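# Fold and geometry: a report
Next come the chains, spelled out residue by residue.
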10 protein chains.
Amino acid sequence: MPDASLLEAFPTPTDTPFVIEHVAEEFTSVCPVTGHPDFGEVRVRFAPGPGSAGGVCVELKSLKLYLQSFRNEGAYYEAVTNVIRDDLAALMSPQWLRVTTVWRGRGGIRSTIVADAGNPPGC
Amino acid sequence: MPDASLLEAFPTPTDTPFVIEHVAEEFTSVCPVTGHPDFGEVRVRFAPGPGSAGGVCVELKSLKLYLQSFRNEGAYYEAVTNVIRDDLAALMSPQWLRVTTVWRGRGGIRSTIVADAGNPPGC
Amino acid sequence: MPDASLLEAFPTPTDTPFVIEHVAEEFTSVCPVTGHPDFGEVRVRFAPGPGSAGGVCVELKSLKLYLQSFRNEGAYYEAVTNVIRDDLAALMSPQWLRVTTVWRGRGGIRSTIVADAGNPPGC
Amino acid sequence: MPDASLLEAFPTPTDTPFVIEHVAEEFTSVCPVTGHPDFGEVRVRFAPGPGSAGGVCVELKSLKLYLQSFRNEGAYYEAVTNVIRDDLAALMSPQWLRVTTVWRGRGGIRSTIVADAGNPPGC
Amino acid sequence: MPDASLLEAFPTPTDTPFVIEHVAEEFTSVCPVTGHPDFGEVRVRFAPGPGSAGGVCVELKSLKLYLQSFRNEGAYYEAVTNVIRDDLAALMSPQWLRVTTVWRGRGGIRSTIVADAGNPPGC
Amino acid sequence: MPDASLLEAFPTPTDTPFVIEHVAEEFTSVCPVTGHPDFGEVRVRFAPGPGSAGGVCVELKSLKLYLQSFRNEGAYYEAVTNVIRDDLAALMSPQWLRVTTVWRGRGGIRSTIVADAGNPPGC
Amino acid sequence: MPDASLLEAFPTPTDTPFVIEHVAEEFTSVCPVTGHPDFGEVRVRFAPGPGSAGGVCVELKSLKLYLQSFRNEGAYYEAVTNVIRDDLAALMSPQWLRVTTVWRGRGGIRSTIVADAGNPPGC
Amino acid sequence: MPDASLLEAFPTPTDTPFVIEHVAEEFTSVCPVTGHPDFGEVRVRFAPGPGSAGGVCVELKSLKLYLQSFRNEGAYYEAVTNVIRDDLAALMSPQWLRVTTVWRGRGGIRSTIVADAGNPPGC
Amino acid sequence: MPDASLLEAFPTPTDTPFVIEHVAEEFTSVCPVTGHPDFGEVRVRFAPGPGSAGGVCVELKSLKLYLQSFRNEGAYYEAVTNVIRDDLAALMSPQWLRVTTVWRGRGGIRSTIVADAGNPPGC
Amino acid sequence: MPDASLLEAFPTPTDTPFVIEHVAEEFTSVCPVTGHPDFGEVRVRFAPGPGSAGGVCVELKSLKLYLQSFRNEGAYYEAVTNVIRDDLAALMSPQWLRVTTVWRGRGGIRSTIVADAGNPPGC
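Worth saying up front: this structure is predicted, and the values here are computed from it rather than measured.

## A word on the overall build of chain A
- Counting its secondary structure elements, chain A contains two helices and six strands.
- Put simply, chain A runs from its N terminus to its C terminus through helices and strands in the order β-β-β-β-α-α-β-β.
- A compact globule built from 123 residues should have a C-alpha radius of gyration of about 14 Å, and chain A, at 15 Å, falls within 12% of that.
- The C-alpha extent of chain A, read off along each of the three principal axes, is 50 × 30 × 20 Å.
- In chain A, buried positions account for 43% of the 123 residues.
- Partitioning the contacts of chain A with sequence separation of at least 6, the portion at a separation of at least 24 is 71%.

Right under this line is the structure:
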C-alpha cells in the first residue's frame, strides 16, 4: 500500500527561489478492476519554500521508496495522481507543486493526468 | 454508427482542479464520399467539474467503445471532431474540454482539427 | 499557373469556434531566376467563420488541386506564400488564417515564410 | 471478408531481376475472440517473374482494395499473414515473396509475423 | 512466482515456415539481492513446428499472464531469461526460439541477455 | 520527357575500387493514369570501372538535370526505376549499379523499387 | 573578411505583415585565439517593413555569399552574431530582426547567441 | 574542490541586449553520501550587462575549467546548482542568469534543477 | 588507478550458449597529455563458458566499481579499451568477448574502439 | 593545401587485432568549379598492424590538423576521398582502412564516397 511515512525531507539550501523536477520513469501499480498491471512515468516538479522560513525538499531516495510502495496497490490513474500530490504537499508545503502521471496505455488509449498544488512561480 | 449511449462517467475524485488527457492512437472512420477508410488519432483533454459539485470524468473503457462505434461511419473530419466534442461535453459538463483529431492524410495532405468547449484552466 | 478558381468551400458545420490545419507535404514550384524546381511544405491553418453567419471551410480535394497548379509556376518563396494567403482569405473570409511555407533549401539555406490574415483565436 | 478476386496484376516490365516493396501503413481487422479492432502495418516485398516468361506484378490500387476487405474480418494475426501470402503467391507466382505484418499490440504486447514464399534473390 | 502452467498453445495454422515475434514492453521483476524492482522488455521470437507435424504456437494472452507472474519474483537477469527460454521451449518444441531481455538498468549500466533454443531458419 | 542525353561522365580518378552514392531527395514525376504528381527519392549507388580501363563516373550536375527531366513525365514507379537504371548503365558500364526509388505513397501505401545492373563489390 | 557590401535587398512584396526565416546550416569562421575553425548554424528571422513604405527583404543568394565571407575571419561567437545583426539591420531597417548563432562546440561546451533589433511582431 | 577563482570574464562587446547560452554536456561530480559519481549537463544562460556600463561575459575556456573543478567534489544536486549560480552571478552581475542542471539519474529517477538570478529579458 | 581486483564473477547458470551485454553509459577517464577529462560509453558483450565446465559471468556491481576506478586515470582511448578487454578476459575466460568504447570526442572528432577476445558464437 | 606531412603515428599498443574509428563531423573544402564551400563528415576506420611487427596508428590531433588543411583546397568529392585514403594508407600500412566521406549536398543531391585499402578483418 502507498505509504506516505516513507517520505523524508531536507531543508531548502537557499532562500533564492528555484525549481526542482524529479522524473521516475518506471512506475507501476495495478488496475483495481482487472488486476492487470499499469505502467507509467511519474513527474514531480516543485518550488520549495525558502530555507530561512523552514522550507523543505523531498529527499530523493525516500521518494523512490515511496513510489515503489504503489507496486501492488490497486488504484485508478486519477487516484494515484491525487494521492501523490496530496502526500507531497503535506510533506513539503511547497510554494508550488505539480504531479504529472503519464501512463503507457490500455486498449490503445494512453492517458496523462496533471494535478497542481499552490501557484507556479511567476514566468 | 457513433453511439453516445456507450459513454459512462464516474464522479471526479477531488475538488482540486486537475487535467486529464486520453489519447486514442488508433481511430478509424470512413470517408462519406469515396467510402475509403480514414485513420487518425483522437485526443481528449479536459478539466472536470469538482467532485463535490457533481463533477464527473469519462470512464476509460466506455470511451474506447464509443470511439470504436465510428468504425464504419461515413463522416467528414470536421463532423467527427464536433460530434465527439458535443457528446463528451453533454456527458461531463466539464470546466474545459478540447478534442483534437489528427488524420494521417489523403492525397498528400494531412489534417488536424481542434474543437473546444468551455474555458481552459488559467495558466 | 496558380488557379484560384480551383478552390471550393463548404459551410462551416458549427457555430462553436474551432481550428483546422491542412499540411501539404509535397509542394513544388519553380525558381523564376534559375528555372530549377523548389520543393517545400505548405501549412494552412484557419478558424472559419461560424456556420450560421455564412462561414465556410476550404474543401480538401480542391485545396490539393489548387496547390498542384503551382507545379510549373515560376515564383519566389515570398510571392507563393502571399498568393496562397490572399486566395484562401478571399475564398473563406475566415476569422483567422495562417499560411506557412517551409522550403527544403537551395545552396545550404532553408527558409520559412509565415503570412497571416485576421486575428488568431484567443489562447 | 477478404476477397482475393479484388487483386489485379500487370506484366513485369523487364527481364532484369528487381525487387518491389509496398507498405500499407494503415491496416485493420478484428480480433475473432473479443471483437475488438486490431491495427497494424502490412509489408509486401517480392521479386516478380521476368516479363518474357509471363511474370506479373500486383497492381497497387487493387492491393489497397484487397487489404481494405479485411476491415471487418475476424482473424488471428497468424491467419491474416498466411492468407495474404497465399493470395499474392497465387496471383503472381513470384520468384520470391515476403509478407510481414506488424501489429500495434494488445495488452502491452506487440507482435510481428513474417511469412515467405519461394527463395529470396541472391544477396 | 513464475508459473509455466499459465502458458497455452494452439496448432500452427500452416506447414510453410514462418516466424513470429512477440514483444512485451512492460516487464518487471525484483532484484533478489536488494529487493528493488527491475524493469525491462521481453522479446520472444520463434519459428514454430509445422502444423501437420503437431507444431504449436504460444497463445498471446497466456503469454501475457505468464510474464506477469514474474512481477514479485526475485530473480537475476540471466535466470529470468533462461527460465522463459526453457518454459517456452518445453511448451512449443519450436524449430527455433530466441528470448531477448532488455533491462533499463541499475547504477548506470543497462543490460541485454539473449538465449536461444534450436537453430534459426536459414537466411 | 526523360532525356538521357543530359547525362555526362568524367574518368574514374583511380584504379582502386570504390563506391559512390548520390541521393536525390526531391524527385517528382506524374502518375500516368490519374495525372497526379508522385514524389519520392532516387538513390544511385555504383562501383565505377577502373580509370585505366576507361571507367567513368556520372557527373553530379548532369545527374540533377537528368532527374529533373522526369518532372512532367507520366510514368509508373517500376518504369521510372528501370529507365534510370538502364540510362546510367549505358552511360557508365559500371562494375555494379543499384537504383533505388522510394515513393512517398498514394492511398496509404508507400513503395520502394530496387533495380541492379552488374554484380556488387565483394563484401 | 566579412563583407557587408555583398548583401542585396528587394522590395517587400506586400504591406501585410509577415515573417521570414533563413537558416544557413553550414557556417564556419575561425577562432581568433587558436586559429582552429568554428562550425555552426546561423538563423536570421525578420519582419520586413511594408513595401509601400520602402521596406526591403534581404536577397537569398547575397545572404549566402555574405555568410561565406566569414570563412577565414578570426572572430569570437559574440562578435560574429552582433556583426551579422548590425549589417542586416543596416541593410533592411526591419520592424524586427533576430540573429541566432548555434555553435557545435569546443572542449565539450556548445553555445548559442541570440541578438535582436527592433520589436517582435505581436503574438 | 569547486574553484570560482578559475572563472574569467571579458567586456560585453555591445550595449544592445542579447542572450548567451553555454551548454556543458559532460559534467560530473560525486554523491556526498554514497561516493558514487553523478553525471549530468550544465546549462548557463544569461543576458550580460551592457558594455558601456562595465558589463562582462564569462570566458568560455575558464568556464570549462571551473566546471571541471567539481569532478571529485561531493555535493548534492541542489548545492551544485546554487553554487554555480552564485559564482557566476558574483563574476558577471548579469541582468539575468539561469543555471539549469540535468542529471542522468540514480535508481531510476532523473532530476533537473533550475536556479535564476535577476529578471529575464522581456519577451 | 584501474583495479582489476574489484571484478567478481558468478557461475554461468546454464550450459546452453547465450550472450550478455552490459552498457555503461557514463564512463570517464583523463587524457594523459592534456589532463582534460574524457567521457564515453563502455559496452561489454560476451558469451560465457558453460556452467558445468566452470564458466563464469562478471558480476554487475563489481563491473560498475571496476569501471569507476578509471575515473582519475590518465590513459589513451586505445589503452583503456585493451586493458578492459584483458582484465575481463582474465576474469572470465569467456568463449567470446567484445569491448567497445565510444568516446564523445575532442576537437570535433569522436572515436570508437573495438577489441575482441576469442571467437564470436556462430551466427 | 592538403598536407600529409601533418600526419603523425604511434605504435599499436597490442598484437591482438582491433578496430579504430575516428569521425570528424566538421569537414570543409571548396568546390573546384564554383568556388563554393562543401561541408561534410569524414569517417576513418582501420585495423592497425600488430605492434610487435611495427604496426602504427594515426595520432588523433595530427589527423585533425591534416583534415583542416583541406579547408581552402578546391577538390572534387571523389578526389578528397582518395587522397585521404592514400595518405593514411602510406602513413600506417594498416591491415585494413576504410575512408568514408558524407557530403551535405548541393542542388538537392547528397553524396557518400567509400574507399578501402587492404582487406577488412574477418567477421
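From this point on, the discussion continues.
## Here we look at the pairing of strand β6 (residues 109-118) of chain C
Residue and element names in this part refer to chain C.
- The pairing of strand β5 (residues 96-103) with β6 spans seven bridges and is classified as antiparallel. By the bridge assignment, tryptophan 96 is partnered in β6 with glycine 118.
- The antiparallel hairpin formed by β5 and β6 contains five residues in its connecting segment, where glycine 105 sits at a positive phi of about 105°.

## Section: the arrangement of the chains
- Contact between chain A and chain J is absent, and the least distance between their C-alpha atoms amounts to 33 Å.
- Contact between chain D and chain J is absent, and the minimum C-alpha spacing across the pair is 17 Å.

## Side note on the interface of chain J and chain I
- Each side of the interface is counted separately: chain J has 17 residues, and chain I has 12 residues.
- Looking at the side of chain J that touches chain I, the elements that each hand over two or more residues are β2 (18-30) and α1 (60-68) of chain J.
- No other element matches β2 of chain J, which puts nine residues into the side of chain J that touches chain I.
- When the residues that make up the side of chain J that touches chain I are grouped by side-chain class, the tally is nine nonpolar, three polar and five charged.
- Strand direction decides the pairing type here: strand β6 (residues 109-118) of chain I and β2 of chain J, joined by seven bridges, are antiparallel. What sits directly across from isoleucine 109 of chain I, in β2 of chain J, is alanine 24 of chain J.

## Concerning the pairing of strand β2 (residues 18-30) of chain D
All names here are of chain D.
- Both β2 and strand β3 (residues 37-47) contribute to a ladder of nine bridges, which runs antiparallel. Paired with valine 23 across the two strands is arginine 43, which belongs to β3.
- Hairpin connection, β2 to β3: the antiparallel pair is bridged by six residues, and glycine 35 has positive phi, about 80°.

## Focus: the relation of the copies chain E and chain A
- Superposing chain E onto chain A requires a rotation of 180° together with a translation of 0.0 Å along the rotation axis, leaving an RMSD of 0.0 Å. Such a combination of turn and shift is consistent with a two-fold rotation axis.

## Comments concerning the interface of chain E and chain A
- Between chain E and chain A, the residue contacts involve seven residues of the former and seven residues of the latter.
- Sorting the residues of the side of chain E that touches chain A by element identifies β2 (18-30) and β3 (37-47) of chain E as the ones contributing at least two each.
- For the side of chain E that touches chain A, the residue count by class is two nonpolar, two polar and three charged.

## Digging into the relation of the copies chain J and chain I
- Taken as rigid bodies, chain J and chain I are interconverted by a rotation of 72° and an axial shift of 0.0 Å, the fit giving an RMSD of 0.0 Å. Taken together, the rotation and translation relating the two chain copies correspond to the operation of a five-fold axis.

## Let's talk about the nonpolar core
- Within the largest apolar cluster, 138 residues are counted, with the highest numbers of intra-cluster contacts made by Leu88 of chain A, Leu88 of chain B, Leu88 of chain C, Leu88 of chain G together with Leu88 of chain H.
- The residues touching leucine 88 of chain H, leaving out its near neighbours within four places in the chain, are Val44, Val58, Leu97 and Val99 of chain H.
- Of all hydrophobic cores here, the second largest spans 136 residues; its members include Cys57, Phe70 and Leu91 of chain D together with Leu97 of chain F.

## A closer look at helix α1 (residues 60-68) of chain F
- Residues Leu60, Leu63, Tyr66, Leu67 and Gln68 of chain F constitute the buried set of α1 of chain F.
- In this fold, the buried residues of α1 of chain F make contact with β3 (37-47) of chain C, β2 (18-30), β3 (37-47) and β4 (56-58) of chain F together with β6 (109-118) of chain J.

## Focus: the confidence of the model for chain A
Residue and element names in this part refer to chain A.
- Confidence along chain A averages 93 in pLDDT terms, with 98% of residues attaining 70 or more.
- Mean pLDDT across the secondary structure elements of chain A bottoms out at strand β6 (residues 109-118), with 94, and peaks at strand β5 (residues 96-103), with 97.
- Scored as a whole, the predicted complex attains pTM 0.93, and scored at its interfaces, ipTM 0.90.

## Side note on the environment of alanine 9 of chain H
All names here are of chain H.
- The topology assignment puts alanine 9 in strand β1 (residues 9-11).
- By the C-beta count within 10 Å, which is 17 here, alanine 9 ends up partly exposed.
- In this structure the C-alpha to C-alpha distance between alanine 9 and leucine 91, which are 82 residues apart in sequence, comes to 7.4 Å.
- Aside from chain neighbours lying at most four places away, what touches alanine 9 is Val56, Cys57, Val58, Glu59, Leu91 and Met92.

## Considering the environment of alanine 24 of chain B
- With respect to the helices, strands and loops of the structure, alanine 24 of chain B is situated in strand β2 (residues 18-30).
- Here the alpha-carbon distance between alanine 24 of chain B and leucine 63 of chain B, two residues 39 residues apart in the chain, equals 9.2 Å.
- Beyond its immediate chain neighbours, meaning those up to four positions away, alanine 24 of chain B contacts Gly108 and Ile109 of chain A together with Glu41, Val42, Lys64 and Leu67 of chain B.

## Quick notes on unusual backbone geometry
- One non-glycine residue, serine 93 of chain A, lies in the positive phi region at around 45°.
- Along the chain, serine 93 of chain A turns up in the loop between α2 (77-92) and β5.

## Some thoughts on the environment of leucine 65 of chain J
All names here are of chain J.
- Note that leucine 65 resides in helix α1.
- Assessed through the 15 C-beta atoms surrounding it within 10 Å, leucine 65 is described here as partly exposed.
- Note: C-alpha distance between leucine 65 and alanine 4 (61 residues apart in sequence) is 9.8 Å.

Parameters and conventions
- Residues numbered from 1 in each chain as written.
- Chains lettered and ligands numbered in written order.
- Predicted model: local features only at pLDDT ≥ 70, side-chain atom pairs only at ≥ 80, totals over all residues.
- Helix = DSSP H or I, 4+ residues; strand = E, 2+ residues; numbered from the N terminus.
- Rg over C-alpha atoms; globule rule 2.2 N^0.38 Å.
- Buried ≥ 20, exposed ≤ 12 C-beta atoms within 10 Å, placed from the backbone.
- Contact = placed C-beta atoms within 7 Å.
- Pairing = 2+ DSSP bridges.
- Nonpolar A, V, L, I, M, F, W, Y, C, P; charged D, E, K, R; others polar.
- Least-squares fit on C-alpha atoms with pLDDT ≥ 70 in both.
- Core = buried A, V, L, I, M, F, W, Y, C linked by C-beta atoms within 7 Å.
- pLDDT = per-residue confidence, 0-100.

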